[in-house]
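Architecture and fold: a report
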Amino acid sequence: ILNVEQSPQSLHVQEGDSTNFTCSFPSSNFYALHWYRWETAKSPEALFVMTLNGDEKKKGRISATLNTKEGYSYLYIKGSQPEDSATYLCAFNSGAGSYQLTFGKGTKLSVIP
Amino acid sequence: GAGVSQSPRYKVAKRGQDVALRCDPISGHVSLFWYQQALGQGPEFLTYFQNEAQLDKSGLPSDRFFAERPEGSVSTLKIQRTQQEDSAVYLCASSSRLAGTDTQYFGPGTRLTVL
């Protein structure tokens, strides 16, 4: 059974603060790690797909890093804005003919104006 | 272009009723996935298709759950004799290929409540 853990479960930050959350996943049989942002009443939005150890990806004020040897990824948000309020999900794919994603429970971010 | 759409967005069913949930993937996308998200949990895999072929249905929780994609585009997830534990958000996703590195594009989900 693949176990993907995300922490913290929820987070409240002030507008302008920078923040980060963690996704841990099995370090064996790693193939890809996906990050999504899911705002209430909308579709989950793909942020990053990461595959290589040491990978760093950036999209605007959001960036992510990947450590496949120790089985974790960090998502960073610089200068949080109220529109960043959402649940951030990470999802693991183990490859080997398996195409589905195994998701964590998500980190719910609330940015207070 | 148009994203993944799902209908209905909300469905209330009485216990024992059958329901059908529809997914319209992004045009031309080969792969289609169904996930179930129970309250407080992350989405969990149910089944996926490559074109019209259902390649993996190992995540379907019981034989009351059935999915089809007869023409390789629109998919329907059917739940027979709904139970309260079936209450969840059902998410559909599509991707252009079948690969673990490919982005899966999600619809907004159908929230099913079984009374």
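To start, this report covers the structure provided alongside it. Note that this is a predicted model, so its numbers are computed, not measured. (Residues numbered from 1 in each chain as written. Chains lettered and ligands numbered in written order. Predicted model: local features only at pLDDT ≥ 70, side-chain atom pairs only at ≥ 80, totals over all residues. Heavy atoms only, no water.)

1. So, the pattern of salt bridges
Across all of its chains, the model carries eight salt bridges over all chains by this definition. A salt bridge links A:K59 to A:E45, with the nearest nitrogen and oxygen atoms 3.5 Å apart. Residue A:K59 is located in strand β6 (residues 56–59), and its partner A:E45 is located in strand β5 (residues 45–50); the two are separated by 14 residues in the primary sequence. Overall, the relative accessible area of 27% leaves A:E45 in the partly exposed class. Between B:R22 and B:D24 there is a salt bridge; the shortest N-O distance is 2.7 Å. A single network of salt bridges, built from pairs that share partners, joins A:R37, A:E45 and A:K59. (Salt bridge = Lys/Arg side-chain N within 4 Å of Asp/Glu carboxyl O. Helix = DSSP H or I, 4+ residues; strand = E, 2+ residues; numbered from the N terminus. Buried < 20%, exposed > 50% of the residue type's maximum accessible area, 1.4 Å probe, protein only.)

2. Comments concerning the layout of surface pockets
Quantified by volume, the largest pocket comes out at close to 1,200 Å³. For the lining of the largest pocket, the secondary-structure elements that each account for two or more residues are β1 (5–7), β9 (86–93), β10 (102–103) and β11 (107–112) of chain A together with β5 (44–50), β9 (88–95) and β11 (110–114) of chain B. No other element matches β11(B), which puts four residues into the lining of the largest pocket. Residue composition of the lining of the largest pocket, by class: 18 nonpolar, 18 polar and eight charged. (1 Å grid on protein atoms, 1.4 Å probe; cavity = no way out; pocket = protein on both sides within 12 Å on 5 of 7 lines; lining within 4 Å. Points joined across faces, edges and corners; volume = space filled by probe spheres on them. Nonpolar A, V, L, I, M, F, W, Y, C, P; charged D, E, K, R; others polar.)

3. Examining the sheet that holds strand β8 (residues 72–77) of chain A
Residues and elements named next belong to chain A. In spatial order, the strands read β1-β3-β8-β7-β6; together these five strands make up an open sheet with antiparallel pairing. Only two strands of the sheet have a single neighbouring strand rather than two, namely β1 and β6. The average angle at which neighbouring strand axes cross in this sheet is 15°, direction not considered. With three bridges joining them, β1 and strand β3 (residues 19–24) adopt antiparallel strand pairing. Opposite S7, over in β3, you have T22 as the bridge partner. (Pairing = 2+ DSSP bridges. Axes fitted to C-alpha atoms, helices over the stretch in contact; angles between N-to-C directions.)

4. Focus on the state of the cysteines
Within this structure, the stated rule accounts for two disulfides over all chains. Paired through a disulfide, A:C23 and A:C90 show a sulfur-sulfur distance of 2.0 Å. Its torsion about the S-S bond being 80°, the disulfide of A:C23 and A:C90 is classed as right-handed. Of this pair, A:C23 sits in strand β3 while A:C90 sits in strand β9, and the two are 67 residues apart along the sequence. In terms of burial, A:C23 and A:C90 fall into one category: buried. Each sulfur of the disulfide joining B:C23 and B:C92 lies 1.8 Å from the other. Residues B:C23 and B:C92 share a disulfide whose torsion about the S-S bond is about -65°; that sign makes it left-handed. Of this pair, B:C23 sits in strand β3 (residues 19–24) while B:C92 sits in strand β9; the two residues are 69 residues apart in sequence, bridging distant segments of the chain. With a relative accessible area of 0%, B:C92 lands in the buried category. (Disulfide = S-S within 2.5 Å.)

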